[in-house]
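Below, each chain spelled out in residue letters.
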2 protein chains.
Amino acid sequence: MLTQRATELDSADPLAPLRDRFTLPKGVVYLDGNSLGALPTAVPAAVEDAVHRQWGTDLIRSWNAHGWWEAPVRTGDAIGRLIGAAPGQTVVGDSTSVQLFNTLLAAARLRPGRPLLLTDPDHFPTDQYVADSVGRLLGLEVRRVPAREAAAVLAAEGDRVAVAAYAPVDYRTGELYDMAALTAAAHAAGALVHWDLCHAAGALPLHLDAIGADFAVGCGYKYLSGGPGAPAFAYLAHRHQADFDHPVTGWHGHAEPFAMSGTYTPAPGITRARIGTPPLLSLIALEAALTAYEGVDMEAVRTKGLSLTGFFQDCADELLDGLGFTMATPRDPERRGSQVALRHPEAYPLVAALTARGVIGDMRAPDLLRFGFNPLYLSHADVLHAVRELREVTVTGAYRDPALQERPTVT
Amino acid sequence: MLTQRATELDSADPLAPLRDRFTLPKGVVYLDGNSLGALPTAVPAAVEDAVHRQWGTDLIRSWNAHGWWEAPVRTGDAIGRLIGAAPGQTVVGDSTSVQLFNTLLAAARLRPGRPLLLTDPDHFPTDQYVADSVGRLLGLEVRRVPAREAAAVLAAEGDRVAVAAYAPVDYRTGELYDMAALTAAAHAAGALVHWDLCHAAGALPLHLDAIGADFAVGCGYKYLSGGPGAPAFAYLAHRHQADFDHPVTGWHGHAEPFAMSGTYTPAPGITRARIGTPPLLSLIALEAALTAYEGVDMEAVRTKGLSLTGFFQDCADELLDGLGFTMATPRDPERRGSQVALRHPEAYPLVAALTARGVIGDMRAPDLLRFGFNPLYLSHADVLHAVRELREVTVTGAYRDPALQERPTVT
């Protein structure tokens, strides 16, 4: 009956036409869009124009003629629409690591005298490294408190907490946390919240303004499909912008950049979160990629994402039973991002065997198979095909082929 | 006689064939390659391949299949050959601002107990802002000492100096400083030297290893012609790598990135200076751009650069006499980078008028006209044409056209 269900779900899918906004290779089911999103159809022409006409022909004049100077804030606003941020609060540029460092340090400076940074022991590694680095530079203790325990810690000793730095979606298990509740708990304690949206932006409706978020960052190359290493974004709530006091003070964030003053005077508004010259070819690709979201309702994206992940779980229940898998991702839709992770002791060769058959997911040590679901370009038929292939490589033992031992791919 | 000299110089130019390695728009003389280098001919195909085949078709597998993971160090080594750095000391990624911050802070940590950072009051603004930021974070005093006085200050109170942060070429005047002498003066005092090579890399032979440089950064989009906002590079001398203790600790610099550990253990070698996922489209463009230097002797580049800038000065002497210009760039070849700057009270509209005639330079407030000379794609005929056009817009008053008042371009 799974085939029939897939067909029915796909027939009733209002987002099905969006698949045409992406160029996907034939014979591939791509479940790694939570690591590197697929190529949006609008990108190649935009990049070609950027290379030939903008760079090659108009050269330095493109800063004005083609809006290069405004691109970080313009593209930031385009992302803002997807994360519940009114214009003027989101800026694009530099890597996620840099944005994390720059905004987390600035956030901590807004709560002087509070000696604690909270972060998640299950946070993506860079988030933890950066929290430790910021803690060391500012003389703060970094305490690792799991997301589900953070509200209790904030209630008990929140008056000592400067910033709580969390992600709404666990990058390994896909578990979704309650952003509004954690934000409220931090604010009740007088602390600030710093969100890493890498595994949420573009896949779920986010409501940064509505929940009163303080700071957030996220990457451009996962669900947003901005291309490999697409620049990251940073969100600064309007109310914090005038006091945003960041460490990586590049001239693009200066109030009068062309005055070439030797003293840093931060620009007003979100512009002060700009750093240096952004990687424009990558940034222009990201901006073009975001047009895939034109006219798309993020609530509809969420509905379809839950349908895809829920269907994956149903298929796994039926087809993978007794094959050594366990479900790592919550079944409760309110606690599930747009990703499903399975545990299996042979995760690594299983993912390699799947990839060899054109079903692309990834793995995380030691035992996690990760499958990401971008509702803009995936169907329920894709989901069913993927689980059937996973069953096939498991029951046939195809995953034991020594030729499949390649290095893990990159998140 | 200037026409004849230009013809003779170009006829004898061994680098003249390199112009074919660049795509330049017809009717343009491009003297702003010190701000955004021209498009190398090898780039468009490389970027198209990166978009269609690597991203679009091979997707996440490209991290392995197309060498994405190794690109920052591989491209770093390609730049290393141009700056006198043996392999394994140069890495590419993130913006110049970020690389400046990350390496300057790490450098200062190597000299604990020394309370001073020296930097140049004529340094590019970001360099000064970043020095101030690092000083604030580490509790150091930032003292602005002009490059030509730095050796004396180092001799007098160098035992209090942690790091001297300078550029070999003044970004406004094009004046060239003696890197070896300043490095030696710093080392004699037990201090470290941090070099910003933005206005030197690719234009001059640099000898980082030979002069014993400690740290350096530079951008990829000026003389290196890597494209708008091309990622920057950082150089860490081998002897400092094991103790390099930097603040922006991204997972790409981890000893075992795929172990996804929550504790930062820096990788050995130059890899520890990696930060996060680099902007790969921009990075691949830069890597392709660097092939323009294949087989090119940097000493020959220097010889031609001095010939171009010297000829520009000669043409200016003859054609601009009495028109209100003064020469801001030293005439001594040993003190001149690959750039010539003129002062004129109407610098801004003059540059705009020149641009309207297809001679592209730029200006820096309040009164500087800047002309950069990339020896790979410019000829002496270009130089003569540019000065003649500058004379023309000046004597005819063409620069007074109100339509020419556009915003200055970006360095």
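Bear in mind the structure is a predicted one, so any value in this text is a computation, not a measurement.

A word on the packing of helix α2 (residues 43–58) of chain A against helix α11 (residues 280–289) of chain A. All names here are of chain A. Between α2 and α11, the shortest axis-to-axis distance is 8 Å and the interhelical angle comes to 140°. Like other packed secondary-structure pairs, α2 and α11 cross with a definite hand, here right-handed. Facing α2, whose interface residues are Val-43, Ala-46, Val-47, Ala-50, Val-51, Gln-54 and Trp-55, α11 presents Leu-281, Ile-284, Ala-285, Ala-288 and Ala-289. Of the residues contributing to the contact of α2 with α11, the split by class is eleven nonpolar, one polar and no charged.

Looking now at the interface of chain A and chain B. Residue-level contacts link 87 residues of chain A with 87 residues of chain B. Between chain A and chain B, the buried area comes to about 7200 Å², and carbon and sulfur atoms account for 67% of it. Our count for the chain A to chain B interface comes out at two salt bridges. At the level of secondary structure, the elements contributing two or more residues to the side of chain A that touches chain B comprise β3 (39–40), α2, α3 (62–65), α5 (96–109), α6 (125–138) and α11 of chain A. No other element matches the ten residues that α6 of chain A contributes to the side of chain A that touches chain B. Residue classes in the side of chain A that touches chain B are distributed as 45 nonpolar, 29 polar and 13 charged.

What follows covers the environment of His-246 of chain B. Residues and elements named next belong to chain B. The topology assignment puts His-246 in the loop between α10 (238–241) and α11 (280–289). The exposure class of His-246 is buried, given its relative accessible area of 3%. Note: C-alpha distance between His-246 and Thr-265 (19 residues apart in sequence) is 12 Å. The contact partners of His-246, leaving out residues within four places of it in the chain, are Asn-102, Ala-106, Arg-109, Tyr-264, Arg-272 and Arg-274. At 3.0 Å, the side chain of His-246 forms a polar contact with the side chain of Asn-102. One polar contact links His-246 to Tyr-264, side chain to side chain, over a distance of 3.1 Å.

Let us now look at the pattern of salt bridges. Residues and elements named next belong to chain A. Going through the model one piece at a time under the given rule, you end up with 38 salt bridges over all chains. Its salt-bridge partner being Asp-245, residue Arg-109 comes within 3.6 Å of it at the nearest N-O pair. Within this pair, whereas Arg-109 is found in helix α5, its partner Asp-245 is found in the loop between α10 (238–241) and α11, the two being separated by 136 residues in sequence. When its relative accessible area of 17% is taken as the criterion, Arg-109 is described as buried. The partly exposed category is assigned to Asp-245, whose relative accessible area is 26%. With a closest N to O distance of 2.8 Å, Arg-370 and Asp-362 form a salt bridge. One salt-bridge network, in which partners are shared between bridges, spans Glu-141, Arg-143, Glu-157 and Arg-160.

With that settled, the discussion passes to empty space enclosed by the protein. Enumeration according to the criterion identifies ten cavities of 30 Å³ or more in this entry. When its volume is computed, the largest cavity comes out at roughly 270 Å³. Lining of the largest cavity is provided by 26 residues; of these, Thr-96, Phe-124, Asp-127, Asp-196 and Cys-198 of chain A occupy positions nearest its centre. Broken down by secondary-structure element, the contributors of at least two residues to the lining of the largest cavity are α5 and α6 of chain A. Per-element accounting of the lining of the largest cavity gives the leading share, three residues, to α5 of chain A. For the lining of the largest cavity, the per-class residue count stands at ten nonpolar, ten polar and six charged. Forming the boundary of the second largest cavity are 17 residues, of which Trp-251 of chain A together with Thr-96, Phe-124, Cys-198 and Tyr-221 of chain B lie nearest the centre.

All right, on to the packing of aromatic side chains then. All names here are of chain A. Using the criterion set out here, one finds 25 aromatic pairs over all chains in the structure. An angle of 45° between the planes, with centres 5.2 Å apart, marks the rings of Trp-69 and Phe-258 as tilted. With Trp-69 in the loop between α3 and α4 (71–83) and Phe-258 in the loop between α10 and α11, this pair connects stretches of sequence that are 189 residues apart. With respect to class, Trp-69 is no different from Phe-258; both count as buried.

On to the relation of the copies chain A and chain B. Superposition record for chain A on chain B: RMSD 0.0 Å, screw rotation 180°, translation along axis 0.0 Å. Between the two chains, the operation in question is that of a two-fold axis. Interface overlap between copies is the fraction of interface residues in one copy that are interface residues in the other; for chain A against chain B it reaches 100%, indicating a shared surface.

Attention shifts here to the confidence of the model for chain A. Put simply, chain A has an average pLDDT of 96, and 98% of its residues get 70 or more. As scored by the predictor, the complex reaches a pTM of 0.97 and an ipTM of 0.97.

Our focus in this paragraph is the sheet that holds strand β10 (residues 233–236) of chain A. Residue and element names in this part refer to chain A. The seven strands lie next to each other as β4-β10-β9-β8-β7-β5-β6, forming an open sheet whose pairing is mixed. Here the strands that pair on one side only, and so sit at the sheet edges, are β4 (90–92) and β6 (141–144). The mean angle between the axes of side-by-side strands here comes to 20°, regardless of whether they run parallel or antiparallel. Bridge count between strand β7 (residues 161–166) and strand β8 (residues 192–196): four bridges; the pairing is parallel.

Let us look at α6 of chain A. Here α6 of chain A is 14 residues long and its end C-alpha atoms lie 20 Å apart, about the 20 Å a rise of 1.5 Å per residue gives. Of all 14 residues that make up α6 of chain A, eleven are buried, and the element is covered over most of its length. All buried positions along α6 of chain A are accounted for by Pro-125, Thr-126, Asp-127, Gln-128, Tyr-129, Val-130, Ala-131, Ser-133, Val-134, Gly-135 and Leu-137 of chain A. Among the structural elements, α5, β5 (116–119), β6 and β8 of chain A together with α5 (96–109) and α6 (125–138) of chain B are those in contact with the buried residues of α6 of chain A.

The subject of this paragraph is the sheet that holds strand β14 (residues 362–364) of chain A. Residues and elements named next belong to chain A. With respect to topology, four strands assemble into an open sheet ordered β11-β12-β15-β14, the strand pairing being antiparallel. The sheet terminates laterally at β11 (326–327) and β14, the two strands that pair on one side only. By the bridge criterion, two bridges tie β11 to strand β12 (residues 339–343) in an arrangement that is antiparallel. Bridging from a neighbouring strand, Thr-326 pairs with Arg-343 of β12. Taken strand by strand, helix α13 (residues 347–356) contacts β14 and β15 (368–372), and its axis lies near 40° from that of β15.

Our focus in this paragraph is the layout of surface pockets. Taken as a whole, the largest pocket encloses approximately 460 Å³ of empty space. Together, 17 residues line the largest pocket, and Leu-176, Tyr-177, Asp-178, Met-179 and Glu-334 of chain B are the ones closest to its centre. Among the elements of the structure, α8 (179–188) and α12 (298–319) of chain B are those that each provide at least two residues to the lining of the largest pocket. Here the lining of the largest pocket is composed, by residue class, of ten nonpolar, one polar and six charged. Its boundaries defined by the atoms lining it, the second largest pocket holds a volume of some 390 Å³. Breaking the lining of the second largest pocket down by element, the ones donating at least two residues are α8 (179–188) and α12 (298–319) of chain A. Looking at the lining of the second largest pocket element by element, the count peaks at three residues for α12 of chain A. Tallied by class, the residues present in the lining of the second largest pocket amount to eleven nonpolar, one polar and four charged.

Turning to the packing of helix α7 (residues 147–157) of chain A against α8 of chain A, a few remarks are in order. Residues and elements named next belong to chain A. Two elements in contact, α7 and α8, have axes whose closest approach is 9 Å; the angle formed by their N-to-C orientations is 15°. When the axes of α7 and α8 are compared, the pair comes out roughly parallel. α8 is crossed by α7, and the crossing has left-handed handedness. Residue-level contacts link Ala-150, Ala-151 and Leu-154 of α7 to Leu-182, Ala-185 and Ala-186 of α8.

Our next topic: the side chain of Asn-374 of chain B. Residues and elements named next belong to chain B. Mapped onto the fold, Asn-374 is located in the loop between β15 (368–372) and α14 (380–395). By relative accessible area, which is 1% here, Asn-374 ends up buried. Here Leu-376 takes part through its backbone nitrogen, which lies 2.8 Å from a polar atom of the side chain of Asn-374. In this structure, Asn-374 is in contact with Tyr-223 and Ser-225, ignoring residues within four places of it in sequence.

What counts as what
- Counting starts from 1 at the beginning of each chain's written sequence and moves along it residue by residue.
- By the order in which they are written, chains take letters starting at A while ligands take numbers starting at 1.
- It should be noted that, the model being predicted, local features are given only for residues of pLDDT at least 70 and side-chain atom pairs only at 80 or more, the latter also being counted only at that level, while totals for whole chains, interfaces and linings use all residues.
- Derived side-chain values reflect all non-hydrogen atoms in the structure, with water molecules and hydrogen atoms excluded from consideration.
- To get an axis, a line is fitted to the C-alpha atoms, and for a helix only the part in contact is used. The angle between two axes follows their N-to-C directions and goes from 0 to 180 degrees.
- Every helix listed is a DSSP run of H or I at least four residues long, and every strand listed is a run of E at least two residues long, numbered separately from the N terminus.
- The sense of a crossing depends on the near helix, which, turned anticlockwise from the far helix by less than a right angle, makes the crossing left-handed and, turned clockwise, makes it right-handed.
- In this description, contact between two residues means that some pair of their heavy atoms is separated by no more than 4.5 Å.
- All residues other than Ala, Val, Leu, Ile, Met, Phe, Trp, Tyr, Cys, Pro, Asp, Glu, Lys and Arg, Gly among them, are scored as polar; the first ten of these are nonpolar and the last four charged.
- Summed over both partners, the accessible surface that disappears when two parts come together, traced with a 1.4 Å probe, is what is meant by buried area.
- For salt bridges, the criterion is a side-chain nitrogen of Lys or Arg within 4 Å of an Asp or Glu carboxyl oxygen.
- With a 1.4 Å probe rolled over the protein chains alone, any residue whose accessible area is under 20% of its type maximum counts as buried; one over 50% counts as exposed, and the rest are partly exposed.
- The term polar contact refers here to a pair of N or O atoms within 3.5 Å; inside protein, the definition further demands a hydrogen-donor-capable atom paired with an acceptor-capable atom, and it admits residues adjacent in sequence only when both atoms are side-chain atoms.
- Definitions used for this entry: grid spacing 1 Å over protein atoms alone; cavity, a set of points where a 1.4 Å probe fits but cannot get out; pocket, an open set with protein on both sides within 12 Å along at least 5 of 7 lines; lining residue, one with an atom within 4 Å of a point.
- Grid points are joined across faces, edges and corners, and a volume is the space filled by probe spheres set on the points.
- Pairing of aromatic side chains requires ring centres within 6.5 Å, counting the rings of Phe and Tyr and the six-membered ring of Trp. Pairs whose planes differ by under 30 degrees are stacked, by over 60 edge-to-face, and all others tilted.
- Least squares is the method used to superpose the copies, on C-alpha atoms of residues holding a pLDDT of at least 70 in both.
- Residue-level confidence of the predictor is what pLDDT reports, using numbers from 0 through 100.
- The criterion for strand pairing is that DSSP finds at least two bridges linking the strands in question.
- Take the number of residues in a helix, subtract one, and multiply by 1.5 Å to get its expected span.
- Angle categories are assigned with fixed cut-offs, so that under 35 degrees is roughly parallel, over 145 is roughly antiparallel, 65 to 115 is roughly perpendicular, and the rest are oblique.

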